[in-house]
Amino acid sequence: MVLARTADTKAVTLQRQGRMGAYPPSRGQEASQLGPALALTDGDWVIPGFRELTALIWRGAPLWRLFLFWSGNEEGSLYPDGVNVTPSVIPVGDQIPHAVGVSYASKLRGEDAVALVYIGDGGTSQGGFHEGLNMAGVLKTPTIVVCQNNQYAISVPRSQQTASRTIAQKAVAYGFPGILVDGNDVLALYVAAKAAVERARRGEGPTLIESYTYRLGDHTTSDDASRYRGEEELRKWEAKDPLKRFRLYLEAKGLWDQGQEDEAWKEAEKTVEEEVERALSHPAPSAEDVFRFTYETMPPELAEQLETLKRESGEGGGD
Amino acid sequence: MAQMNMVQAINSALRAEMERDASIVVLGEDVGVDGGVFRVTEGLIERFGPGRVIDTPLSEACIVGVSIGMALNGLRPVAEIQFMGFSYLALDQVINHAARIRNRSRGRLHVPIVVRMPYGGGIKALEHHSESTEALYTQVPGLKVVAPSTPREAKGLLTSSIRDQDPVIFLEPTRSYRLLREEVEEDEFTIPLGRSRTVREGDDVTVVGWGAMMPLIEEATRRADGEGVSVEVIDLRTLSPMDSASIVASVKKTGRAVVVHEAPKTCGLGAEIVARINEKALLSLEAPVERVAAPDVTVPLPKGEHHYYPSPDRIYRAIRRAAEF
């Protein structure tokens, strides 16, 4: 969580300096992202939306590639083989059916892998959410849907997103359990997700987890949250910062002290600097790169367009 | 070999592929117990079970979205959309994900799915059941779009589509489902994607079409032929990526061309074919390239469909205009 917070802060800074593109901050949602992922084992899948930095780092997506992605290079989504994480999905809610399909495939083969998919409170208004949950319920797939209810979909508050009292209760209509969890308590999320994962592995089907949290940053670096929410509300949630809460818990248990805390942040700073350096020095894609992943084999028309482009730009591609 | 209509040929392709490869699953509305509304998937659930032949809830977006997820995790789904007019509900999943995940993941992931759908008019159906909006799909990079014209073609092309590593939109001409029967191999065989078929050779005019237009073109061609106009007929088969080389080679030989489709004229695939002929064979042209297409109106209900649908007579007249220019 310290590493994710450091990377997140750095990403916002880099965008402000014009060294990276638009970026959706995760600040305040580290526990919400990490807790559920802790309940997974290697063979399980994570299907993210686009604000899951902490979960992606935990699941083995290289940090420098995540920076590369947000700096505007598709190569940032080229995760190593064996990392069962799909690339970020920007159209809100579309990833839920993917998770149902991924987990159906595991179930059909008799494997015990589950798929954990993240979505936000705004996404719960989309067809992908309702149709996906419905099909997950019918097909009884081992799918865990984590809704990070961070209270806002850009500017629209949760109260204007749905008239339901909770998001968790929506699961009832689809015939499986929904659970509302304190989204800033990493251990509570871990426990809830663990129960959901075990349930899924037993063949009992999906679970919806509503992680009740708060987006401390803007929707993206292009957004200004002060236009739609007050300072007082923000202060209230800053006091519930998931990093602070977990630190206090560990200190109270005698498992953590100031020295370890300082060391963790220092190490995170160093790691992030190295990863950022690697990402920002990565070459831009060549013209070939832009073309060659459209199909398995490049069709003649496309090959011709590439040749023309290269000829007219007077070089072998890239910039 | 066996006599089959197109429904039987597609069924035969699905069955043979599912026998060969346990990762192939079929999903869609009514594809299981009912065997599909056109009976294309008849008997598959009895043979392969409900795990591999899935009667889904009524959600086109989710049928395609779930297929994408299945493909990401090692399955090869063949999804059925009941009619092309309902495929628009799944356009988001097709355009934003199926077509892009190979590129998005820089080649680490890919989406080998086939989305089958009956398309086209001429079957006296309700609204939304006669659409021919293939150009919506051919505009999307990363998709392949295939439209067979005969039973044998359907089996060979579907088999290739299932084995292809990219997402394929497979357009089945509803009007041709039971129109004719022909000899089809009972064993598996493939017809490569991306290559057109020269149905007949000729010297005076090239006619390009696909799917349900082919029998109409053949009728028009016979009439023109009887009057001494030698027509070369190309069945495009794969609409994207298009085999433009064969069209260009043919037009260079004949100098005249007619493109036929049942989609609206404006921005129809015919416009692209004309553009490619212009780019590569302009100096061989002896006449403007003719387009026989539907007008730019909503597909009429059956009573008005004759105003809309290309007829052998309209195709014949276009051939004559091109020949006599």
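This structure is a prediction, so every number in the text was calculated from the model and none was measured.

Asker: What am I meant to see in the packing of helix α2 (residues 30–38) of chain A against helix α9 (residues 186–201) of chain A here?
Answerer: When two helices pack together, their arrangement is given by the angle between their axes and by how far apart the axes lie. All names here are of chain A. Contact geometry of α2 with α9 gives a least axis separation of 7 Å together with a crossing angle of 40°. Between α2 and α9 the crossing geometry is right-handed. Residues Ala31, Ser32, Leu34, Gly35, Pro36 and Leu38 of α2 pack against Val186, Leu189, Tyr190 and Ala193 of α9.

Asker: What exactly am I supposed to notice about the sheet that holds strand β13 (residues 257–264) of chain B here?
Answerer: Within a beta sheet, neighbouring strands are joined by backbone hydrogen bonds and run either parallel or antiparallel to one another. Residues and elements named next belong to chain B. The mixed open sheet is built from five strands, whose spatial order is β9-β11-β10-β13-β14. At either margin of the open sheet sits one strand with a lone partner, and together these are β9 (197–200) and β14 (290–294). Strand after strand, the sheet turns through a mean of 25° between neighbouring axes, direction not considered.

Asker: I keep staring at empty space enclosed by the protein and nothing clicks. Help me out?
Answerer: To locate leftover empty space, one rolls a probe as large as a water molecule over the atoms. Residue and element names in this part refer to chain A. Summed over the entire model, instances satisfying the criterion amount to six cavities of 30 Å³ or more. The calculated volume of the largest cavity comes to roughly 90 Å³. Listing elements by their share of the lining of the largest cavity, those giving two or more residues are α3 (53–58) and α4 (63–70). Ranked by residues supplied to the lining of the largest cavity, first place goes to α4 with three residues.

Asker: I keep staring at the domain arrangement of chain A and nothing clicks. Help me out?
Answerer: By a frequent convention, interface size equals the accessible area lost on bringing the separate parts together. Taken domain by domain, chain A comprises domain 1 (2–280) and domain 2 (285–319). For domain 1 of chain A and domain 2 of chain A, the distance between their C-alpha centres works out to 36 Å.

Asker: Before we go on, may I ask you to explain the sheet that holds strand β2 (residues 115–120) of chain A in this structure?
Answerer: Residues and elements named next belong to chain A. Reading across from one edge, β1-β2-β3-β7-β6 is the order of the five strands in this open sheet, with parallel pairing throughout. Across the chains shown, the open sheet's two edge strands, defined by having one partner strand only, are β1 (45–47) and β6 (178–182). In this sheet, neighbouring strand axes are inclined to one another by 20° on average, regardless of whether the strands run parallel or antiparallel. With six bridges connecting them, β2 and strand β3 (residues 143–149) associate as parallel partners. Across the sheet, residue Ile119 finds its bridge partner in β3, namely Cys147.

Asker: Help me understand a negative patch on the surface in this model?
Answerer: Among the surface-exposed residues, Asp257, Asp262, Glu263 and Glu267 of chain A lie close enough to one another that they form a single negatively charged patch. Positionally, Asp257 of chain A belongs in the loop between α11 (242–252) and α12 (258–280).

Asker: Explain the nonpolar core here, please?
Answerer: Within soluble globular proteins, side chains that are nonpolar generally end up buried alongside one another. Counting 60 residues, the largest nonpolar core has Leu208 of chain A together with Tyr137, Ile169, Leu171, Ile247, Ile273 and Ile277 of chain B as its most contacted members. The element that contributes the greatest number of residues to this core is helix α10 (residues 269–281) of chain B, accounting for five residues. Contacts of Ile169 of chain B, omitting those with residues within four sequence positions, involve Val94, Val115, Met117, Tyr137, Leu143, Lys144, Val145 and Val146 of chain B. Residues Ala4, Ala39, Leu56 and Val146 of chain A belong to the second largest nonpolar core, which totals 41 residues.

Asker: Help me understand the domain arrangement of chain B, please; the structure alone is not making it clear to me.
Answerer: Residues and elements named next belong to chain B. Segmentation of chain B into domains returns domain 1 (2–184) and domain 2 (197–324). Of note, the centres of domain 1 and domain 2, computed from C-alpha atoms alone, are 26 Å apart. Taken together, the contacts link 30 residues of domain 1 with 24 residues of domain 2. Both sides together, the interface formed by domain 1 and domain 2 hides about 2000 Å², and carbon and sulfur atoms give 57% of it. Across the domain 1-domain 2 interface, the total number found is two salt bridges. The interface formed by domain 1 and domain 2 contains ten residue pairs in polar contact (both at pLDDT 80 or more). Secondary structure elements with two or more residues in the side of domain 1 that touches domain 2: α6 (134–138), β6 (144–146), α7 (151–163) and β7 (168–173). Looking at the side of domain 1 that touches domain 2, its residues break down into 14 nonpolar, nine polar and seven charged.

Asker: Please explain the side chain of Glu262 of chain B as it appears in this structure.
Answerer: All names here are of chain B. Structurally, Glu262 can be placed in strand β13. In this structure Glu262 is buried but unpaired, with Arg175 as the nearest side chain of opposite charge at 6.8 Å. Excluding anything up to four places from it in sequence, Glu262 contacts Tyr119, Gly120, Gly121, Ser132, Ala212, Met213, Ala294, Tyr308, Tyr309 and Pro310.

Asker: Explain the interface of chain B and chain A to me, please; I cannot follow it from the model alone.
Answerer: Each partner contributes residues to the interface: chain B has 44 residues there, and chain A has 42 residues. When the buried surface of chain B facing chain A is broken down by residue, Asn73, Arg106 and Arg108 of chain B rank first, second and third, together holding 24% of it. On the surface where chain B and chain A come into contact, there are two salt bridges. Residue Lys280 of chain B pairs with Glu304 of chain A through a salt bridge whose shortest N-O separation is 2.8 Å. The interface formed by chain B and chain A contains 19 residue pairs in polar contact (both at pLDDT 80 or more). Secondary structure elements with two or more residues in the side of chain B that touches chain A: α3 (60–72), α4 (91–98), α5 (101–104) and α10 of chain B. For the side of chain B that touches chain A, the element with the highest residue contribution is α3 of chain B, accounting for nine residues.

Asker: How should the pattern of salt bridges be read in this particular structure?
Answerer: For side chains of opposite charge, pairing can occur when their charged atoms come near one another. Tallying each qualifying case throughout the model produces 43 salt bridges over all chains. Among the salt bridges present, the one from Arg235 of chain A reaches Glu231 of chain A, with a minimum N-O distance of 2.0 Å. Residue Arg235 of chain A and its partner Glu231 of chain A are both found in helix α10 (residues 231–238); the two are separated by four residues, about one turn of the helix. For Glu231 of chain A, a relative accessible area of 49% translates into the label partly exposed. Ionic pairing is found between Asp235 of chain B and Arg197 of chain B, a salt bridge with its closest N-O pair at 3.1 Å. Placement of Asp235 of chain B in strand β11 (residues 231–235) and of Arg197 of chain B in strand β9 is noted, with a sequence separation of 38 residues between them. What makes Arg197 of chain B partly exposed here is its relative accessible area of 23%. Connected through salt bridges with shared partners, the residues Glu17, Arg20, Arg163 and Glu188 of chain B form a single ionic network.

Analysis parameters
- Residues numbered from 1 in each chain as written.
- Chains lettered and ligands numbered in written order.
- Predicted model: local features only at pLDDT ≥ 70, side-chain atom pairs only at ≥ 80, totals over all residues.
- Heavy atoms only, no water.
- Axes fitted to C-alpha atoms, helices over the stretch in contact; angles between N-to-C directions.
- Helix = DSSP H or I, 4+ residues; strand = E, 2+ residues; numbered from the N terminus.
- Left-handed = near helix turned anticlockwise from the far one by under 90°.
- Contact = heavy atoms within 4.5 Å.
- Pairing = 2+ DSSP bridges.
- 1 Å grid on protein atoms, 1.4 Å probe; cavity = no way out; pocket = protein on both sides within 12 Å on 5 of 7 lines; lining within 4 Å.
- Points joined across faces, edges and corners; volume = space filled by probe spheres on them.
- Domains from an automatic or database assignment.
- Patch = residues over 30% accessible without salt bridge, like charges linked within 9 Å, V, L, I, M, F, W, Y side chains within 5 Å.
- Areas by Shrake-Rupley, 256 points an atom, 1.4 Å probe, with all protein chains shown as cover.
- Salt bridge = Lys/Arg side-chain N within 4 Å of Asp/Glu carboxyl O.
- Lys, Arg positive; Asp, Glu negative; His and termini not counted.
- Charge placed at Lys NZ, Arg CZ, Asp CG, Glu CD.
- Core = buried A, V, L, I, M, F, W, Y, C linked by side-chain atoms within 4.5 Å.
- Buried < 20%, exposed > 50% of the residue type's maximum accessible area, 1.4 Å probe, protein only.
- Buried area = accessible area lost by both parts, 1.4 Å probe.
- Polar contact = N/O pair within 3.5 Å; in protein donor to acceptor, adjacent residues only side chain to side chain.
- Nonpolar A, V, L, I, M, F, W, Y, C, P; charged D, E, K, R; others polar.

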